[in-house]
Amino acid sequence: MRLVLASASPRRRELLARLGLPFDVVPSGASEALLPGLPILTGVADLALRKARDVAARIQREQGGPAVVLGADTLVVLDGWPFGKPASPADARRMLTALAGRTHAVVTAVGLVESGVERPRAFGSPDREATETVVSRVIMRPYSAGEIEAYLATPEPYDKAGAYAVQGAGGQFVLRVEGCYTNVVGLPLTTTARLLRAFGLPAGTPEAATDRLG
């Protein structure tokens, strides 16, 4: 069974490679906007599946054959408000200022879509889907406006939910992570491995220290 990652994120690519499975990368063209009116956890799961469905449909149109497509989406949530990727330096500054000295949640949904697999009619739809959402807590230290400006002068904040990378220079702002560390990076490995195995792919088991500790 072919595994396809529906993401251009180098972080997700590096994390998925730790599970020991070969995979292709086909970035999704689906909208990353949350559907209005949905609770955040439901909305993030919808985004992950939307990305996977987009790529699965494209593969079937252009190439055919059985595939399992993995989509994922990550949001930072503070006081019930979702922070995606910053749209500008001013937006990144707003996010980092709001997060300073506070505890926030990082929510990542993983969605799998199987397509191109023929099954007897008695087994229902030929396509299977599954999604799971993981929540981690991140405690940020107090930091100054000058520290924010120095970080904004680097390219790192601008393609990250919440405008920081825990695994990069943005880790300087983080006191600790409670829960799955790789979830905060962008792909919860233990959850992802379990979902892949449920779809018949022999994903390895990530080391607990790698998955949970920064």
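Everything quoted here is computed from the prediction, not taken from an experiment.

Draft legend 1. Spatial organisation of the overall build of the protein. In terms of regular secondary structure, the protein is built from seven helices and seven strands. By the compact-globule yardstick of 17 Å for 214 residues, the protein fits well, its C-alpha radius of gyration being 18 Å. Dimensions of the protein, computed from the C-alpha atoms along their principal axes, are close to 60 × 35 × 30 Å. When burial is assessed residue by residue, the protein has 48% of its 214 residues classed as buried. Contacts spanning at least 24 positions in sequence make up 68% of the contacts within the protein whose residues lie at least 6 apart. Split by element, the accessible area of the protein, about 9,900 Å² in all, is 57% carbon and sulfur.

Draft legend 2. Quick peek at the packing of aromatic side chains. What the rule picks out here adds up to two aromatic pairs. Summarising the aromatic geometry, the rings of Tyr 143 and Phe 173 are spaced 4.3 Å apart at their centres and angled 35° between planes, so their arrangement reads as tilted. Of the two residues, Tyr 143 sits in the loop between β6 (128-140) and α4 (145-152) while Phe 173 sits in the loop between α4 and β7 (174-178), which places them 30 residues apart along the sequence. Tyr 143 sits in the buried class, given a relative accessible area of 10%. For the ring pair Tyr 151 and Phe 173, a centre distance of 5.3 Å and an interplane angle of 85° mean the geometry is edge-to-face. Within this pair, whereas Tyr 151 is found in helix α4, its partner Phe 173 is found in the loop between α4 and β7, the two being separated by 22 residues in sequence.

Draft legend 3. Up close: the nonpolar core. Judged by nonpolar contacts, the single largest core of 44 residues is most densely connected at Leu 16, Leu 70, Tyr 164 and Leu 196. At five residues, the largest contribution of residues to this core is made by strand β3 (residues 67-78). Leave out the neighbours within four places in its chain, and Leu 16 touches Leu 3, Leu 5, Phe 23, Leu 70, Leu 187, Leu 189, Thr 192 and Leu 196. Of all hydrophobic cores here, the second largest spans 10 residues; its members include Val 4, Leu 49, Ala 52 and Val 55.

Conventions used here
Residues numbered from 1 in each chain as written. Predicted model: local features only at pLDDT ≥ 70, side-chain atom pairs only at ≥ 80, totals over all residues. Heavy atoms only, no water. Helix = DSSP H or I, 4+ residues; strand = E, 2+ residues; numbered from the N terminus. Rg over C-alpha atoms; globule rule 2.2 N^0.38 Å. Buried < 20%, exposed > 50% of the residue type's maximum accessible area, 1.4 Å probe, protein only. Contact = heavy atoms within 4.5 Å. Areas by Shrake-Rupley, 256 points an atom, 1.4 Å probe, with all protein chains shown as cover. Phe/Tyr/Trp six-rings, centres within 6.5 Å; stacked < 30°, edge-to-face > 60°. Core = buried A, V, L, I, M, F, W, Y, C linked by side-chain atoms within 4.5 Å.

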